[in-house]
Amino acid sequence: MAESYGRHLSFPFRIGNDGRTARVSSMEDHVRDELIQLILTNPGERAFLPEFGGGVRRLVFENADETSAGMTKAMLTQAISRWLGHRITLEELTVQVENERIDIEIKYRIAGTDDTRVMRFERKGG
């Protein structure tokens, strides 16, 4: 199974130890890379796909409050459903704000599997 999914390039793009472009070794790694790519891309950043992106990087310039948390949760839920809805089932997405820190936890299941994965992001203020 790993060989059939090893044809995808790793994200972020890099050169492997053998001097060739690095590739993912499993479907789980490929889906994780796709999710990271979606979340870290700002809408408008891709010339031919301007609506693609989760926009998490904009949090660097946002206040850490309940409004930002709510907007972030809505934006990520919409982006994941739209762009990766065929790949993953979003089981839970939480955005918590504490002082100047924003924590994002995404719990998802890869389509066709029972394996639940968790991805966490954190923005520290200050």
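What this report covers is the structure whose coordinates are included nearby. (Residues numbered from 1 in each chain as written. Predicted model: local features only at pLDDT ≥ 70, side-chain atom pairs only at ≥ 80, totals over all residues. Heavy atoms only, no water.)

This next bit is on the overall build of the protein. Within the protein, the secondary structure is distributed over 3 helices and 3 strands. Listed by position from the N terminus, the elements making up the protein come as α-α-α-β-β-β. With the C-alpha coordinates aligned to their principal axes, the bounding extent of the protein is approximately 45 × 35 × 30 Å. Counting the 126 residues in the protein, one finds 32% classified as buried. For the protein, contacts bridging at least 24 residues in sequence account for 33% of all contacts bridging at least 6. Element-wise, carbon and sulfur atoms account for 48% of the exposed surface of the protein, whose accessible area totals about 8100 Å². Charge-centre separation for the protein: the mean point of 18 positive side chains lies 5 Å from the mean point of 20 negative side chains. (Helix = DSSP H or I, 4+ residues; strand = E, 2+ residues; numbered from the N terminus. Buried < 20%, exposed > 50% of the residue type's maximum accessible area, 1.4 Å probe, protein only. Contact = heavy atoms within 4.5 Å. Areas by Shrake-Rupley, 256 points an atom, 1.4 Å probe, with all protein chains shown as cover. Lys, Arg positive; Asp, Glu negative; His and termini not counted. Charge placed at Lys NZ, Arg CZ, Asp CG, Glu CD.)

The biggest cluster of nonpolar side chains holds 23 residues, and the ones touching the most others in it are Leu35, Ile39, Ile80, Ile88, Ile104, Ile106 and Tyr108. Looking at this core, the elements with two or more residues in it are helix H2 (27–40), helix H3 (66–84), strand E1 (88–98), strand E2 (101–110) and strand E3 (116–123). For Ile104, the contacting residues outside a window of four places in its chain are Val56, Leu59, Thr72, Leu76, Thr94, Val95, Met119, Arg120 and Phe121. (Core = buried A, V, L, I, M, F, W, Y, C linked by side-chain atoms within 4.5 Å.)

This part takes up the packing of aromatic side chains. If you walk through the whole model with that rule in mind, you get 1 aromatic pair. Taking the centre distance of 5.3 Å and the plane angle of 70° together, the rings of Phe52 and Trp83 count as edge-to-face. In this pair, Phe52 is assigned in the loop between H2 and H3 and Trp83 in helix H3, connecting sequence segments 31 residues apart. Of the residues examined, Phe52 reaches a relative accessible area of 9% and is grouped as buried. With a relative accessible area of 22%, Trp83 lands in the partly exposed category. Sitting above the plane of the Phe52 ring, Arg46 keeps its charged end 4.4 Å from the centroid. (Phe/Tyr/Trp six-rings, centres within 6.5 Å; stacked < 30°, edge-to-face > 60°. Lys NZ or Arg CZ within 6 Å of the ring centre and 35° of its normal.)

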